[in-house]
Structure formats: C-alpha cells, structure tokens
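Listed here are the chains, written in short residue letters.
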Amino acid sequence: MKKILNKLFYVLQLLFLIIAFAGTLYVILQMGNRLEKSIVDNIQVFIPFVVIFILHVINLIANQKNIKDNLFYNITACLAFLTIIVVAARAVFDHNLVLANITDYKIDFTYFANFIPFLNLMLYGLAISNVLLMFHVKEKKKIKEQIEEL
Amino acid sequence: MKKFLVEYINLIGKTVLGLVFGLSFFLLFLNFYHYKEIRTVYTPSQENGTDYEKLLRQVDVIKQNAAAYSQNTYQGNEDVFDMLGMQSKLNACAQAYENETLKNLLSKESYVAEDVYELVNYYQNSILNDCIVLQFYSFGDSTSTTYKSERLRSISPFLKVEMDNLLNSSTGYVKNNLKNNDIYYFSNEDSKNTVFELTKDSYQEMMGQYKSTLNFLETFSNWYKNVAQGG
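Residues numbered from 1 in each chain as written. Chains lettered and ligands numbered in written order. Predicted model: local features only at pLDDT ≥ 70, side-chain atom pairs only at ≥ 80, totals over all residues. Heavy atoms only, no water.

**Student:** Explain the overall build of chain B to me, please; I cannot follow it from the model alone.
**Tutor:** Counting secondary structure elements, chain B contains nine helices and zero strands. Scanning chain B from its N terminus toward the C terminus, one meets helices and strands in the order α-α-α-α-α-α-α-α-α. In summary, chain B has a C-alpha radius of gyration of 27 Å against a globular reference of 17 Å for 231 residues, an excess of more than 25%. In terms of its C-alpha atoms, chain B occupies a principal-axis envelope of roughly 110 × 40 × 25 Å. The burial tally for chain B puts 44% of its 231 residues in the buried class. In chain B, the proportion of contacts linking residues at least 24 apart, taken out of those at least 6 apart, comes to 80%. For chain B, the exposed area adds up to about 12300 Å²; of that, 53% sits on carbon and sulfur atoms. (Helix = DSSP H or I, 4+ residues; strand = E, 2+ residues; numbered from the N terminus. Rg over C-alpha atoms; globule rule 2.2 N^0.38 Å. Buried < 20%, exposed > 50% of the residue type's maximum accessible area, 1.4 Å probe, protein only. Contact = heavy atoms within 4.5 Å. Areas by Shrake-Rupley, 256 points an atom, 1.4 Å probe, with all protein chains shown as cover.)

**Student:** In this structure, what is going on with the pattern of salt bridges? I would like to understand it.
**Tutor:** A side chain with one charge may pair with a side chain of the opposite charge, provided their charged atoms come close. Residues and elements named next belong to chain A. Inspection of every chain in the model, using the stated rule, returns six salt bridges over all chains. Across the salt bridge formed by Arg90 and Asp94, the nearest N and O atoms sit 3.0 Å from each other. Grouping residues by exposure puts Arg90 and Asp94 together as buried. (Salt bridge = Lys/Arg side-chain N within 4 Å of Asp/Glu carboxyl O.)

**Student:** In this structure, what is going on with the side chain of Asp51(B)? I would like to understand it.
**Tutor:** All names here are of chain B. Tracing the backbone through its elements, the reader meets Asp51 in helix H2 (residues 51-66). A distance of 2.5 Å separates polar atoms of two side chains, one belonging to Asp51 and the other to Tyr203. Every residue in contact with Asp51, bar those within four places of it in the chain, is listed here: Pro44, Tyr203 and Met207. (Polar contact = N/O pair within 3.5 Å; in protein donor to acceptor, adjacent residues only side chain to side chain.)

**Student:** Would you mind showing me how to read the interface of chain B and chain A here?
**Tutor:** It is common to give the size of an interface as the accessible area that goes away when the parts come together. Each side of the interface is counted separately: chain B has 34 residues, and chain A has 38 residues. Summed over both partners, the interface of chain B with chain A buries about 3000 Å², with 75% contributed by carbon and sulfur atoms. If you sort the residues of chain B by the area they bury against chain A, Leu17(B), Leu28(B) and Asp182(B) come out on top, with a joint share of 20%. Our count for the contact surface shared by chain B and chain A stands at zero salt bridges. Our enumeration of links across chain B and chain A arrives at eight residue pairs in polar contact (both at pLDDT 80 or more). Among the elements of the structure, helix H1 (2-38), helix H5 (113-136) and helix H7 (171-179) of chain B are those that each provide at least two residues to the side of chain B that touches chain A. (Buried area = accessible area lost by both parts, 1.4 Å probe.)

**Student:** In this structure, what is going on with helix H3 (residues 80-98) of chain B? I would like to understand it.
**Tutor:** Three- or four-residue spacings in an α-helix give side chains the same orientation, since the helix completes a turn every 3.6 residues. Residues and elements named next belong to chain B. Taking 1.5 Å as the rise per residue, H3 with 19 residues should run 27 Å; its terminal C-alpha atoms sit 27 Å apart, in good agreement. In the core, the buried residues of H3 are packed alongside H2, helix H4 (100-106), H5, helix H6 (150-167) and helix H9 (198-228). Where H3 begins, the capping side chain belongs to Asp79, and its oxygen is found 3.1 Å from the backbone nitrogen of Phe81. (Expected span 1.5 Å × (residues − 1).)

**Student:** Hey, could you run me through H2(B) in this one?
**Tutor:** Residues and elements named next belong to chain B. In a regular helix each residue adds 1.5 Å, so 16 residues correspond to 22 Å; H2 covers 23 Å between its end C-alpha atoms and thus fits that length. Every buried residue belonging to H2 is among Asp51, Tyr52, Leu55, Gln58, Val59, Ile62, Asn65 and Ala66, and all of these are buried. All buried residues of H2 project into a common sector of 135° when viewed along the axis, lining one side. Among the structural elements, H3, H4 and H9 are those in contact with the buried residues of H2. (Arc of directions from axis to C-beta.)

**Student:** Even after reading the chapter, I still don't get the nonpolar core, so can you show me in this structure?
**Tutor:** For soluble globular proteins, nonpolar side chains are generally found buried alongside one another. Residue and element names in this part refer to chain B. In this structure, Tyr97, Leu106, Phe136, Leu152, Leu178, Tyr210 and Phe220 are the most contacted members of the largest nonpolar core, which totals 54 residues. Listing elements by their share of this core, those giving two or more residues are H2, H3, H4, H5, H6, H7 and H9. Ranked by residues supplied to this core, first place goes to H9 with 13 residues. (Core = buried A, V, L, I, M, F, W, Y, C linked by side-chain atoms within 4.5 Å.)

**Student:** Looking at this structure, how should I read the packing of aromatic side chains?
**Tutor:** In this description, a pair of aromatic rings is defined by centroid distance and the angle of the planes. Inspection of every chain in the model, using the stated rule, returns 21 aromatic pairs over all chains. Residues Tyr69(B) and Tyr74(B) carry aromatic rings whose centres are separated by 5.1 Å and whose planes lie at 65° to one another, so their mutual orientation is edge-to-face. Judged by relative accessible area, which is 4%, Tyr69(B) ranks as buried. Pairwise contacts between aromatic rings join Phe72(A), Phe21(B), Phe25(B), Phe29(B) and Phe32(B) into one cluster. (Phe/Tyr/Trp six-rings, centres within 6.5 Å; stacked < 30°, edge-to-face > 60°.)

Spatial relationships are all this shows, so hold off on functional conclusions.
In structure tokens:
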C-alpha cells in the first residue's frame, strides 16, 4: 500500500511540477509584456524551478531511493506544487479579484507577485531538504532492504 | 561520528520538509478560504422599491424645484444669469443620476465586489468631479465674481462646508479596500459576519454617499425654488 501511494505521489509531483512551472511562466510572461520587460528580468523566479528540475534528474540518475521512496517528501512536494497551481489559476481565472478586472490582461498580477516570496520559500525548502535527505547510512539501509526482501 | 552527522543532517532535512509542508498546507487552504470569502454576493433589500428607484424619487424633486424658475414669469430681484446658471447646474447633476450607466449599475438584484468598484468609480467621476466640483464648488466661494446674487453669497460658507464634507468622504478608502481584495487577511466566520464584509459594507457605504450628495442637491434645490418663487 505504501509503495503504491509512493508511486502515485511521485508521479503526481512530477505532473504538478510541470503544470506549476507552466502556470508561473504564463503569468510572468504576461507580467513582462505589460511592463515591457524581457523574461531575463524575471529570471530569478524560475531559478528554484530549475534547481528542483536538476535535483529530480540527479535523483533519477543516482537512484536516490531515500528521496524517491520518501512518502512524506512526495506528499509535501505535491502540496507545494498544487499551491502554486492554485495561485496561478486564481490569478488568471478568479474575476472576483478586483485588480484583475482593471487591466486589459484580466490577470491579477499583484496577487501573484505577493505569492512569489512564498513560492521561493517552498521550492528552496524542498530543494534544501532534498539535498539533506540524500545523505544516508548505506549499511543500515542495505540491512533493511535485505529484511524486506526476506 | 559519521553516522551521527548523517543522522543529524537527515533530521535537519526532515525538519525543513516539515516546515515546507506546514507552509504549503497553510497557503493552500488560506487560498480556498480567501476564494470563498471574496466571491460573496450581496443582495440589497428591495423593500419600497430598488435603491435606484429611491434615488430617482429625490432626483424628481430636484428637477421640479429647478423648473420653478421661469425667465418670463420671474419677478424677483436676483440676477437672471445667476438663476439660469443655478438651474442648469441642478439639471446637470440630476442628469448624472439619471445616466444609463448608473441605472444599469444600480438596477442589479445582487452585487459582487467588481460591481461595487464600478459604483465607486462612477460616484467619483460623474457625481463628485463632474457635478460637485465642476458645477457647484464655485458657489462655496463667497468672494467669487462669477455670480452676483447676494442671497447665494450669504449661504456660500454653508455650501462650502457641505461640499467639503462630501469631497472628504471615505470613497477613496472604500475603493482602495476593494482594490486590495487580492491580499490575504486573517479572519474567521465571526468577524466576517459581525465586523466586516467587503461587498456588503462597501455597497452600503457607497449608497450612503450617493444619498448624501442627493440630500445636498435637494436642500440647495429647495432654497433655489424658494428664491425663484420670490420667497
């Protein structure tokens, strides 16, 4: 059961990560259009996404079971990416936000901009915990695996 | 020692993960609550007609009072151009209330925050700026040379106080509050029901402002009618 949940949340977090990145990219691009700024000026918003992507690749290549099989990590990542998706979706679709209706873009940029520090906090937090959880005692794990196999 | 360090690093990693979990959980549910909160719809009471119909009754009184002056039948001592000027200003303000935009805004059965924002905009642009400032504010200056009427000059200090009160009203605060409805704030059901409800409170505040301006115009039109009838 735990393994199935693990797999489910692992796939979900990858899916949510892609959607969250796409949502953020869309809002930031529109924000840049409005202010006539290029995407390079807002590149710092995407750095934590890039860090998370790189860590995912490392986890895959190095087969970091300590992370991939960590249910709590997978659930937390899902929750963090889902929050980003919800905020991006509200900035675009929630027309009860009065500022969204004032500009022709129909996107509440202030609402999303207020969320960017939290976005950084969550993504950098995930990245830091990912790096810290990479360290583990190999012997202990091997014994555990052997017990599980038996 | 190495094992201890690794376990310690792991513990820190799990703590950071826990904090991220807490933060994202909190933000996610705060967002759902905020979404629910700002989509509140306010339905005003329709007793004795809609709010717009109540305003129109007062507008009719203002128009009737303004029509009391006729250049052909007037026998008073006031300057004809002053009387005509006041009449046209009263009619211009009455038209601002009869405007199709305001009619559409105030004929709705229920209101969301965006509608109330439009009400504030209309009030600031068409009622305060176009009517009070552009049409009437010069009447508050007793040293003005744009009119000759001594009777108008005698009431101008009172007009100025009334108009300043209208101009210093809380519409700017209401507008900013509506604009800031995208900022999370911590509230619960109790405070929402008893202390503050953005759409309802803003709507009622704005209707109060529309009525206050109409009361001022009606009082002035009553004075005008009295002068026009030679009182």
